[in-house]
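If you want the building blocks of each chain, they are given just below.
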Amino acid sequence: MEIRAATGSDASQIMAIYNEAVTSSLVTFDIAPRKIDEQQEWIQDHGGSYPALVAVEGSRTIGFGALSPYRDRAGYRTTVEDSVYIATENRRRGAGRGLLEALVAHATASGFHAVIARMHSLNEASIGLHRSVGFFDVGTEREVGRKFGKWLDAVVMELILA
């Protein structure tokens, strides 16, 4: 498995992974599948200090992750938020950990102070992954999302960078 920066040629495979999460799970609170032009734009928007990375095996993208600004206000500029998505058939094989560790290393090298993670409160795999890399629980936001006719809680986790 190789982890590298995402490029425009990764858009269709990233989109397939993301859209599966959108349409069949609570991994993301998003409810609208992305179109290819939206995915291309997302990749273009993730560069420099806020990269999009892919985990690839051969020519297949098996997962992706990204850093994004935490909030727009200037006082939050030293904090980023991470996201990691793995294709269903490739989960529990190390791609998520590899991506998250690469994102944390990038955030550290870029001079950020903290990384925030937010996930559905029942997403035990993501919660466990983040704990294994050193994230700690900040709290639970109750019923902040709605998908598939259900109210969703979000767990917030944080990692302070050295």
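The structure under discussion appears in the preceding block.
If you're wondering where the values come from, they're calculated on a predicted model, not measured in any experiment.

Rules used throughout
- Residues numbered from 1 in each chain as written.
- Predicted model: local features only at pLDDT ≥ 70, side-chain atom pairs only at ≥ 80, totals over all residues.
- Heavy atoms only, no water.
- Helix = DSSP H or I, 4+ residues; strand = E, 2+ residues; numbered from the N terminus.
- Rg over C-alpha atoms; globule rule 2.2 N^0.38 Å.
- Buried < 20%, exposed > 50% of the residue type's maximum accessible area, 1.4 Å probe, protein only.
- Contact = heavy atoms within 4.5 Å.
- Areas by Shrake-Rupley, 256 points an atom, 1.4 Å probe, with all protein chains shown as cover.
- Arc of directions from axis to C-beta.
- Core = buried A, V, L, I, M, F, W, Y, C linked by side-chain atoms within 4.5 Å.
- Polar contact = N/O pair within 3.5 Å; in protein donor to acceptor, adjacent residues only side chain to side chain.
- Salt bridge = Lys/Arg side-chain N within 4 Å of Asp/Glu carboxyl O.
- 1 Å grid on protein atoms, 1.4 Å probe; cavity = no way out; pocket = protein on both sides within 12 Å on 5 of 7 lines; lining within 4 Å.
- Points joined across faces, edges and corners; volume = space filled by probe spheres on them.
- Nonpolar A, V, L, I, M, F, W, Y, C, P; charged D, E, K, R; others polar.

## A look at the overall build of the chain
Along the chain, the regular secondary structure elements total four helices and seven strands. Mapped in sequence order, the helices and strands of the chain form the string β-α-α-β-β-β-α-β-α-β-β. Rg of the C-alpha trace for the chain: 15 Å, near the compact-globule value of 15 Å for 162 residues, within the 12% margin. Structurally, the chain occupies a C-alpha span of about 40 × 40 × 30 Å along its principal axes. A burial count over the chain gives 45% of its 162 residues as buried. Here the analysis covers contacts within the chain between residues at least 6 apart in sequence; of these, 63% occur between residues at least 24 apart. Surface exposure of the chain reaches about 8,500 Å², of which carbon and sulfur atoms provide 50%.

## Remarks on helix 2 (residues 36-45)
Think of an α-helix as 3.6 residues a turn; residues three or four steps apart then line up on the same face. Taken as a whole, helix 2 has its buried residues at Gln39, Trp42 and Ile43. Down the axis, helix 2 shows its buried residues gathered within 100 degrees of arc, on one side only. Seen from the open side of helix 2, the exposed residues pointing more than 90 degrees away from its buried face are Asp37, Gln44 and Asp45. The elements touched by buried residues of helix 2 are helix 1 (11-24), strand 2 (52-57) and strand 3 (60-69).

## Overview of the nonpolar core
Core analysis: the biggest nonpolar cluster contains 25 residues, and Leu100, Val104, Ala107, Phe135, Met157 and Leu161 have the highest contact counts within it. Every element with two or more residues in this core is listed here: strand 2, strand 3, strand 4 (79-86), helix 3 (95-109), strand 5 (114-120), helix 4 (124-132) and strand 7 (150-160). The greatest single-element share of this core, amounting to six residues, is contributed by helix 3. With sequence-adjacent residues up to four places away left out, Ala107 is seen in contact with Leu67, Val80, Phe112, Val115 and Leu161. Ile14, Tyr18, Trp42 and Ala66 belong to the second largest nonpolar core, which has 16 residues in total.

## A few points about the environment of Ser24
Within the secondary structure layout, Ser24 lies in helix 1. Measuring from C-alpha to C-alpha, the distance between Ser24 and Ala52 comes to 23 Å, with 28 residues separating the pair along the chain. From its side chain, Ser24 meets the backbone oxygen of Glu20 in a polar contact 2.6 Å long.

## A few points about the pattern of salt bridges
What the rule picks out here adds up to eight salt bridges. With its nearest N and O atoms 3.9 Å apart, the salt bridge here joins Glu57 to Arg60. Residue Glu57 is classed as partly exposed on the basis of its relative accessible area of 27%. Close ionic contact of Glu57 with Arg93 constitutes a salt bridge, the shortest N to O distance being 2.7 Å.

## Some remarks on the layout of surface pockets
Where empty space is left becomes clear once a probe the size of a water molecule has been rolled over the atoms. Taken as a whole, the largest pocket encloses approximately 880 Å³ of empty space. For the largest pocket, the lining is made up of 35 residues, of which Val27, Ser83, Val84, Tyr85 and Ser126 are closest to its centre. When residues of the lining of the largest pocket are traced back to their parent elements, those giving at least two are strand 3, strand 4, helix 3, strand 5 and helix 4. Classifying every residue of the lining of the largest pocket by side-chain character gives 16 nonpolar, 11 polar and eight charged.

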